[in-house]
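Architecture at a glance
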Amino acid sequence: MDKSNDPKRQAEEEAATYRRWMDEIDAAKKVFKEYADRCKKILKVYKDDRKRTEAFDEAKQSHKLNILWSNIQTLQPAIYSQTPRPNVSRRFLDRDETSRTAAMILERNLQTAQELCDFDYVMKRVRDDYLLCARGIDWVRFSPEIGMAPMREPVSRIDLEGTGQSVFRPLKGGDEIPPDKVKEDEEGLYFETDPEEQILAYGLALDHVVWNDFLHEPVNDWSKVTWGAKRVLMRRPQLIKAFGDEVGRKVKLNKTFNGREADETSSDTKKKADCAEVWEIWDKSRREVIWVTDGYEQAPVKKLKDPLRLSGFFPFPRPLFGTTTTDSLIPVPDYALYQDQAQQIDTITDRIRLLIKALRVVGMYNAESADLSRLLSETDENEMLPVENWMAFAQSGGLKTNIDWLPIEQIQNVLTGLFNARAQLKQDLYEVTGISDIIRGASAPSETATAQQIKANFGNLRLTDRQSEMARFARDTMKIMAEIQAEHYAPEALIEMSGVGEMEEFRVPPPNPQDPQSLQDHQAKTQAREQKFMEAVKLLKSDKLRTFRIDIETDATVAPDQQKEKESRVEFLTAVSPFLEKSAQVGQMAPQLVPLLMKMLEFGIRGFRAGRTLEGAIEETIALAESMQKQAQEAPQQEPPPDPKAQAEAQKLSAETEALTQKTQAEVQKAQADAAYAKSQADLKIADMQARATEANQKFQREMMKLTEEIEFRRKENDLKVRELEASIRLKEMQLTQANQPKVQDQGPVEPEDPNEPARVISERAKFKAEYKKAQFEIQKMDLALAELKRRADAMGGVQEAIKGSIDPDELLGLKDAPKPEEPKPPQEREVTFVRDQNGVMSGARIKG
């Protein structure tokens, strides 16, 4: 018994797979539990999640300075502030038209996908997770629109000779198609199949995975991670849509949508379960995807074998990690590293609140001087209060001895010290976080520009690494999106969605309908453009060539490199240009120094990385200069220069010669241009003739296929007819044999014999034999036509010349002087004459033929 087909064994294996992955998930949760608890506390601090009564009681609530919120708000735009644009280019910027076209197609499709996926929104959420919880992750999904739609199938038509009717059949083979279902357009005959499930539109989806919804294998190096998983809370309709009606309805709902444990049968609406926790696990070691949930313990709810076929397998990039060490991938949030300073700042802030509340004008007064109580409660500015017994009040010491104020100087001094201490703690905190006052937009007026620049450089040193990591994450995400597009989008969809056909360099101007040559040129250019597009798409579909010849970056990652490359090239040209000018002057005066000058130029160029591409050209020029100098040295010595008069005449002659040379060069250039134009026109005509020859060749192939099918159909039909005739002849012969046998007298009464029976049988047998030979003649004729067709098809090597009209087709095929095969002669019709005796009774028959 085959164990692979044993249902019981399969069920056991599925249950073991479920248990294994649930154990992996539980083990990873335990490893990351401390990290998750710490992050939850940090999020409460960030959101200031303190329980307060509706009537806010300031006396019972402590005051805090939410430095975490302030730091995060400062770092958010510093790390990621705008959507990075894809930059797809040839890896080495070589002259490669196919790679350049493929890069443009991929870059335009990525830009479209960014807008449709709301790339910026997802990146900002990943950034916030990265800053708060030290880990950010997103997830790319291939989400085509799938629906029911008919398919287009090409059709061939077979005309039945002599009947005026046609038979329609699919080109790929199959039963006949009713004529009323056959349609025709500019591409030819076709019919639409019954609606079936297919991709109606291509698309990508980019999901942000919350920090606590993502798990991976707890190892110490990301390159060693073999599986990653994300948690998704699904309601019943989502379960049915994702896993089918049978499995989706069996999954037990045991969670609320906030992730808390619940019961589906609970009567309490707040505790009633409305979803299930599903883990989508990508196993890199087995290259398969498994979906498991604790609401369905029999087996995984779904399994797929490498659905995306990505080079890195995972549909998500390496996460954004905060502070980590080489022995663990569990990150440490930034707030955990300065929480002590933040708590001290909160403590001092609350003390400042209490002291400010106590810092008020209060005092005590002599009860015998009741009028003093009205001093602060009833008087306004520039108002005086009367005293009833002024003499007694004055003798008691007056205002100075009858009232005593609370000493607020001590409170003020303590407040000043607290403000200074908090400022120092904030400065210590900024030293820890690396957020300088320049980044926060704060600066002392007394600071010089140099001091401010030093602070800015210090702050940027800490930010550059984070900015580069954020740019790397965005680039890796776009690489996954591009790879999914290249792997799973149809070639026509890639070209159409990119819109490269509407670019100026690929646009083909409309032809002139009145000019046949214009129509031919338009067709040739269109075919050349489509061929270039298909070659580019073929490059994108090839994993190895796509990796080696196309580079995908973002403007955030490539801009510094491009700027540096520009600066190095400008520096190179600035250094080389003056040297070339002076070398040209020295070379005119002393040609023997040209090789030395070229060697000096080569020596200087090798110090510039930007000049490496010119080293080959420089070396060729040096070799040419040395060769010319050697030839000049080997040439015979010139005679002494002529006298001044002869020299003047020589100069005049040289000027005339130069003018004549320039004129000749102009004529030569014109002739070359005319020749190039004539060559281009000839090339266009040749291309047009080749296109016409190809089209004619295809048309001949279609006609040959059509005729072959028709001959085969007729041949089968005649074979069937021959079999029917043979069966009829054998039946008649048996009847004739029985008719000629003597009748047995002892079998009872026998009917009288028909005198005309033998002659009738002979006549019918002769008729059937004639039809039989006629059918054989039709078969021989069909075989002859088929042999003739095959002989012509075997000689199709020169069919293009025949189409141009330069060679007779029979001469091309070697059939012009060849003896024609004799056609089979049709069978002669047999004439049957019946012989009768004197009484008119038929006694026999005569057959001619």
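Note that residues are indexed from 1 along each chain, following the sequence as it is written. Only residues with pLDDT of 70 or above have their local features reported here, since the model is predicted, and side-chain atom pairs are shown and tallied only from 80 upward, although totals for entire chains, interfaces and linings are computed over all residues. Based on all heavy atoms of the structure, the side-chain values leave hydrogens and waters out of the count.

**A few points about the side chain of Lys255**
The test is simple: Under the scheme used here, helices are H or I runs from DSSP no shorter than 4 residues and strands are E runs no shorter than 2 residues, and both carry numbers assigned from the N terminus. Throughout this description, buried means an accessible area under 20% of the type-specific maximum (1.4 Å probe, protein chains only), exposed means over 50%, and partly exposed covers the range between. Polar contacts, as counted here, are pairs of nitrogen or oxygen atoms within 3.5 Å of one another; within protein the pair requires one atom able to donate a hydrogen and one able to accept it, and residues that are adjacent in sequence qualify only if both atoms are side-chain atoms.
Along the polypeptide, Lys255 turns up in the loop between α7 (245-250) and β12 (276-283). What makes Lys255 buried here is its relative accessible area of 2%. One polar contact links Lys255 to Asp294, side chain to side chain, over a distance of 3.4 Å.

**Considerations on the sheet that holds strand β13 (residues 288-293)**
The cut-off we apply is this: By definition, two strands form a pair when at least two bridges between them are found by DSSP. Axis definition: a line fit to C-alpha positions, over the contact stretch in the case of helices; interaxial angles, taken between N-to-C directions, run 0 to 180 degrees.
Read from one edge of the open sheet, five strands run β10-β11-β12-β13-β14, paired in antiparallel fashion. Among the strands making up the open sheet, the edge pair consists of β10 (214-216) and β14 (302-305). When the angles between neighbouring strand axes are averaged without regard to direction, this sheet yields 20°. Pairing of β13 with β14, which is carried by four bridges, proceeds in the antiparallel orientation.

**As for the sheet that holds strand β15 (residues 320-321)**
Condition: We call two residues in contact whenever any of their non-hydrogen atoms come within 4.5 Å of each other.
Here we have three strands laid out as an open sheet, ordered β9-β2-β15, and antiparallel in their pairing. Looking along the sheet, the strands with just one partner apiece sit at the ends: β9 (204-209) and β15. For strand β2 (residues 135-142) and β9, the ladder comprises six bridges, and the chain directions are antiparallel. Paired with Ile137 across the two strands is Val209, which belongs to β9. On the sheet, helix α5 (residues 119-133) packs against β2, β9 and β15 and is oriented at approximately 150° with respect to β2.

**Comments concerning the confidence of the model for the protein**
Selection rule: The predictor's confidence in any single residue is recorded as pLDDT, a number from 0 to 100.
When pLDDT is averaged across the protein, the result is 75; 67% of the residues are at 70 or more. The low-confidence segment residues 743-753, where pLDDT is below 50, has three contacts with residues more than four positions distant or belonging to other chains.

**Quick word on helix α6 (residues 236-243)**
What counts, and what does not: Of all possible arcs, the one meant is that of the directions from the helix axis to the C-beta atoms.
Residues Arg236, Leu239 and Phe243 constitute the buried set of α6. All buried residues of α6 fall inside an arc of 60° around its axis, so they share one side. Residues Pro237 and Lys241 are exposed on α6 and point more than 90 degrees away from its buried face. Positive backbone phi, at 95°, marks Gly244, one or two positions downstream of α6.

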